[in-house]
Amino acid sequence: MAIHRSDFLTLAVALGMLAWGTDAAASVSEDSSGNNSKLICSPTKWYNILIFFVTNYAIHAATVRSLPGESGHASTAYKVCCLLVPYAGVRRGLNVFLRASSLSDNALHCATRANALCMVVRSKEWRPLPGDIVQGCDFTVKEAEAAESKTRTDSSPEDLEKGVTIESTTTVENQGRNVSWDVKAPYEYNGPSTWYAKMGDFMLRSYRFRSMPLEDQVVSREDIEVHGVCRLPLGYSLCFIPPHMDVIPRGSPTDKVLISSQFSAMQVLWSIAQTCVGSYTLYQARGSQLERYGYAAFGLTVIPYIIASMINLFASLVTRQYDYVFLVHSEIMDEAVARGGCVDGVVGTICPPSDHEETLGESGKLGTAAFEIKSSDDPEGGLICQRIDIPPPSPTNLETIFTITLPKPSTDTSPSSVKRWVVIWKRFTKHINNVFNKPPSKQHKKTRKTRKDTTAPEPTIRVPSHGPYRRLPPRLVEPIFYLVSILLLLASVAAPYIIIDVLTGWQIRQATDIQSTFTTHWLFLGQIFGLSIAEFERHTKPSAWIVVVFFALIFYSWAAIGGGVVVAQEMIEFGTCSSL
């Protein structure tokens, strides 16, 4: 019900803002009527302005899609932003349209493509326990490399292609040398390689829907609304399932699974209604209104809202609506339950790869190394890590037993809000750098030339964060929807300027400088801010969206609110007209 509550809250906020804009416009304008002989004009009343704002602007907020598991606070805040910045709805609509989840062959694949399924993964806080047998690990540094002590890098080209190592290490001591213990996802994501392709993908897909390492897809349980029960012990977290990871029923693969979802009929109707009303308003702007106000005419300000509602209409037709995120069974979920976790309400399981199609990454492995964890005599609670995939240690083979020294737990259990936002900002800047960096092969070559090792190489044990899976082949319609999405994005940006140029030739006519300034900034800045606000849609906490709305109000609302005041002022000056 969070989605329906957000619609009511959004409309309430919209009516309050529109009432304020009507009063402000009435205080700076005087009534007048048009002089076109083909029109009958009467003084504009307050309810005429209110009806215009609600039917042409406010209804757009009801057409914006809510993401699976999005809280009522986050959905309301995003729709308020879309009310001020319609192009925020454009980018979300393109993301949903590009997934086209309703065209999938079954309910589980449909929910996967809609970003409505989560799995349990090992997080950066994961620590081994005595008795654990950790398989599929990657033991990177070889003895020959340790002896040569030549130039080194942090990761191999294959590691850079697979993902980014989580910034959390556990110190392991052996023969006086340190070894890092990392948690990393073996899932290979298919992201763009060239800079131009990365730029296009960055503009087309927002943060939640972009191809990225699974380490960056980890979400907190408190950030999303999950169906069922999910209490995870320390060291485990939830991660959105990528669109090409196969999920099957837990029983027989032929069993039919039904997942709670609905076709958004009301959003489709709202989109059609707002598109028709906005188009009629644009049609009525021809003639005396354009001759008087030029490109600052109030009838032209509805163009971005028409475009956004049309894109949301396309998205609603090809994607079902999910109120919650659903859990999927996996090997790591069983491991978390064995450590004291509680999970209930799963809807499927990760499909393992068959023998003939299994690869190292799809088998849930980073490498072939396997370690058995044992207790040690260390009074501080240290552990012994022994390799079990090679012969036992001997005088000539000492690289099989390691003493793990776990880091001391942090005493700061409640970090301040300032620290929390510093962490969020660092993650965001790191993600932007990863999006636009050079291809892994070039970056690896550059690192080899510029960075030299001053000490002996440190062996690294990388633990897989998830288990085996089967990768689905790309759908035949994916290239078509990707091409259509690119065309829609380009058209949505260029269409307002083309329409205004065709109708007015960008002539100011009798409009004042204030009127032309606010209407043009409302359009231009709205496109820039709208495309950037969608990057914050992954953060669903109320505190996070309070900051996002505050950011939009401080840096952009002057253009939107000022443009609304100008629209009300022009309506009062022009009057309410009807054709003879």
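Residue positions are counted from 1 within each chain, in the order its sequence is given. Residues qualify for local features only when their pLDDT is at least 70, as the model is predicted, and side-chain atom pairs are given and counted only at 80 or more; totals for whole chains, interfaces and linings, by contrast, use all residues. Side-chain figures throughout are based on the complete set of non-hydrogen atoms in the structure, without hydrogens or water.

### Section: the overall build of the protein
Phase 1 of the analysis: By definition, any uninterrupted DSSP run of H or I lasting at least four residues is a helix, any uninterrupted run of E lasting at least two residues is a strand, and each is numbered from the N terminus. Check the secondary structure of the protein and you find 18 helices and 17 strands.
Phase 2 of the analysis: Scored against the burial criterion, the 580 residues of the protein give a buried share of 50%.
Phase 3 of the analysis: The contacts of the protein with a sequence gap of at least 6 include a subset with a gap of at least 24, amounting to 82%.
Phase 4 of the analysis: Using a 1.4 Å probe, the Shrake-Rupley method yields the accessible areas, and only the shown protein chains count as cover for residues. Surface exposure of the protein reaches about 27500 Å², of which carbon and sulfur atoms provide 61%. Partly exposed describes any residue whose relative accessible area lies between the buried limit of under 20% and the exposed limit of over 50%, with all areas from a 1.4 Å probe on protein chains only and scaled to the type maximum. We call two residues in contact when some of their heavy atoms are within 4.5 Å.

### Digging into the pattern of salt bridges
Phase 1 of the analysis: Salt bridges are defined by distance alone: a side-chain nitrogen of Lys or Arg within 4 Å of a carboxyl oxygen of Asp or Glu. What the rule picks out here adds up to seven salt bridges.
Phase 2 of the analysis: We note a salt bridge from Arg462 to Asp138, for which the minimum N-O separation is 3.7 Å. Note that Arg462 is positioned in strand E16 (residues 460–464) and Asp138 in strand E3 (residues 133–139), a separation of 324 residues in sequence.
Phase 3 of the analysis: Since its relative accessible area comes to 16%, Asp138 is described here as buried.

### What about the sheet that holds strand E2 (residues 117–122)?
Phase 1 of the analysis: Pairing within the open sheet is mixed, and its four strands lie in the order E6-E8-E2-E10. The sheet is open, and its two borders are formed by strand E6 (218–219) and strand E10 (326–328), each paired with just one other strand.
Phase 2 of the analysis: Strand pairing is assigned whenever DSSP identifies at least 2 bridges connecting the two strands. The pairing of E6 with strand E8 (residues 236–240) spans two bridges and is classified as antiparallel. In the sheet register, Val219 faces E8, and the bridge partner there is Leu238.
Phase 3 of the analysis: Note on method: axes are straight lines fitted to C-alpha atoms, helices fitted across the in-contact stretch only, with angles between N-to-C directions ranging 0 to 180 degrees. Packed on one face of the sheet, helix H12 (residues 331–338) meets E2, E8 and E10 and runs near 60 degrees to E2.

### With respect to the nonpolar core
Phase 1 of the analysis: The set of buried Ala, Val, Leu, Ile, Met, Phe, Trp, Tyr and Cys residues whose side-chain atoms join them within 4.5 Å is what this entry labels a nonpolar core. Membership of the largest hydrophobic core comes to 56 residues, with the highest contact counts inside it found for Phe52, Tyr57, Tyr556 and Val567.
Phase 2 of the analysis: When residues of this core are traced back to their parent elements, those giving at least two are helix H2 (46–63), helix H3 (72–84), helix H4 (86–99), helix H10 (288–293), helix H11 (303–318), helix H15 (478–504), helix H16 (513–533) and helix H18 (557–574).
Phase 3 of the analysis: For this core, the leading source of residues is H11, giving eight residues.
Phase 4 of the analysis: With residues up to four places along the chain from it excluded, the contact list for Val567 reads Phe52, Phe53, Tyr57, Phe298, Thr301 and Trp522.
Phase 5 of the analysis: Grouped together as the second largest cluster of nonpolar side chains are 28 residues, Val226, Ile332, Met333 and Ala369 included.

### Comments concerning the pairing of E16
Phase 1 of the analysis: Along E16, five of the five residues are buried, which leaves the element largely enclosed by surrounding structure.
Phase 2 of the analysis: The alternating pattern of E16 places Thr460, Arg462 and Pro464 on one face and Ile461 and Val463 on the opposite face, and all of these are buried.
Phase 3 of the analysis: As paired strands, E3 and E16 are joined by two bridges and run antiparallel to one another. Paired with Phe139 across the two strands is Ile461, which belongs to E16.

### Notes on the confidence of the model for the protein
Phase 1 of the analysis: Every residue is assigned a pLDDT by the predictor, reflecting its confidence on a scale from 0 to 100. When the pLDDT values of the protein are averaged, the result is 75; 69% of them are 70 or greater.
Phase 2 of the analysis: Averaged pLDDT values for the elements of the protein fall to 39 in helix H7 (residues 157–162) and rise to 94 in E10.
Phase 3 of the analysis: For the stretch residues 142–177, pLDDT sits under 50, and the model shows 98 contacts to residues farther than four places along the chain or on other chains.
Phase 4 of the analysis: This model gives residues 411–415 a pLDDT under 50, and the stretch forms two contacts once residues within four places in sequence are excluded.

### Considerations on the side chain of Ser264
Phase 1 of the analysis: Take Ser264: it is sitting in the loop between strand E9 (247–248) and helix H9 (265–284).
Phase 2 of the analysis: Counted as a polar contact is a pair of N or O atoms within 3.5 Å, where, for protein atoms, one must be capable of donating a hydrogen and the other of accepting one, and residues adjacent in sequence contribute only when both atoms are in side chains. A polar contact is formed between the side chain of Ser264 and the side chain of Gln267, at a distance of 3.3 Å.

### As for empty space enclosed by the protein
Phase 1 of the analysis: Note on definitions: the grid is 1 Å and covers protein atoms alone; a cavity is a set of points where a 1.4 Å probe fits but cannot get out; a pocket is an open set with protein on both sides within 12 Å along at least five of seven lines; lining residues have an atom within 4 Å of a point. Grid points are joined across faces, edges and corners, and a volume is the space filled by probe spheres set on the points. For the coordinates displayed, the defined rule picks out three cavities of 30 Å³ or more.
Phase 2 of the analysis: In this model, the largest cavity occupies a volume close to 170 Å³.
Phase 3 of the analysis: Leu300, Thr301, Pro304, Thr519 and Leu523 are the residues nearest the centre of the largest cavity, which is lined by 17 residues in total.
Phase 4 of the analysis: When residues of the lining of the largest cavity are traced back to their parent elements, those giving at least two are H4, H11, H15 and H16.
Phase 5 of the analysis: It is H16 that contributes the most residues to the lining of the largest cavity, six residues altogether.
Phase 6 of the analysis: In the scheme used here, Gly and all other residues not listed as nonpolar or charged are polar, with Ala, Val, Leu, Ile, Met, Phe, Trp, Tyr, Cys and Pro taken as nonpolar and Asp, Glu, Lys and Arg as charged. Residues of the lining of the largest cavity, tallied by class, amount to 12 nonpolar, five polar and no charged.
Phase 7 of the analysis: Considered as a void within the structure, the second largest cavity measures approximately 80 Å³ in volume.
Phase 8 of the analysis: Arg65, Pro68, Val96, Ala114 and Thr319 are the residues nearest the centre of the second largest cavity, which is lined by 13 residues in total.
Phase 9 of the analysis: Taken together, the residues that form the lining of the second largest cavity break down as six nonpolar, four polar and three charged.

### Topic: the environment of Phe518
Phase 1 of the analysis: The topology assignment puts Phe518 in helix H16.
Phase 2 of the analysis: A residue is classified by how much of its surface remains accessible, and Phe518, at 23% relative accessible area, is partly exposed.
Phase 3 of the analysis: The contact partners of Phe518, leaving out residues within four places of it in the chain, are Trp558, Ala559, Gly562, Gly563 and Val566.

### Notes on the packing of H16 against H18
Phase 1 of the analysis: The geometry of H16 relative to H18 is characterised by a closest axis approach of 8 Å and an angle of 135 degrees between their N-to-C directions. By the angle between their directions, the pair H16 and H18 is classed as oblique. In this structure, the crossing between H16 and H18 has a hand that is left-handed. On H18, the residues touching Ile514, Gln515, Phe518, Thr519, His521, Trp522 and Leu525 of H16 are Trp558, Ala559, Ala560, Gly562, Gly563, Gly564, Val566, Val567, Gln569, Glu570 and Glu573.
Phase 2 of the analysis: Residue composition of the contact of H16 with H18, grouped by class: nine nonpolar, seven polar and two charged. Any angle that falls under 35 degrees is termed roughly parallel, while one over 145 is termed roughly antiparallel, one within 65 to 115 roughly perpendicular, and all others oblique. When the near helix sits turned anticlockwise from the far one by under a right angle, the crossing is termed left-handed; a clockwise turn instead gives a right-handed crossing.

### As for H11
In an α-helix, one turn spans 3.6 residues; hence positions three or four apart end up facing the same way.
Phase 1 of the analysis: To estimate the expected span of a helix, count its residues, drop one, and scale the result by 1.5 Å. Between its terminal C-alpha atoms H11 stretches 24 Å, which fits the 22 Å expected from 16 residues at 1.5 Å a residue.
Phase 2 of the analysis: With 13 of 16 residues buried, H11 lies mostly within the body of the structure.

### Re the side chain of Ser492
Phase 1 of the analysis: Within the secondary structure, Ser492 is located in helix H15.
Phase 2 of the analysis: A polar contact is formed between the side chain of Ser492 and the backbone oxygen of Leu489, at a distance of 2.7 Å.
Phase 3 of the analysis: Among residues more than four places away in sequence, those in contact with Ser492 are Tyr87, Val90, Ile307, Ile311 and Gln527.

### Remarks on a nonpolar patch on the surface
Phase 1 of the analysis: Nonpolar side chains (Val, Leu, Ile, Met, Phe, Trp, Tyr) within 5 Å and like charges within 9 Å form the patches, drawn only from residues with over 30% relative accessible area and no salt bridge. Among the surface-exposed residues, Phe263, Met310, Phe314 and Leu317 lie close enough to one another that they form a single nonpolar patch of about 340 Å² accessible area.
Phase 2 of the analysis: Topologically, Met310 is positioned in helix H11.
Phase 3 of the analysis: Assessed through its relative accessible area of 35%, Met310 is described here as partly exposed.

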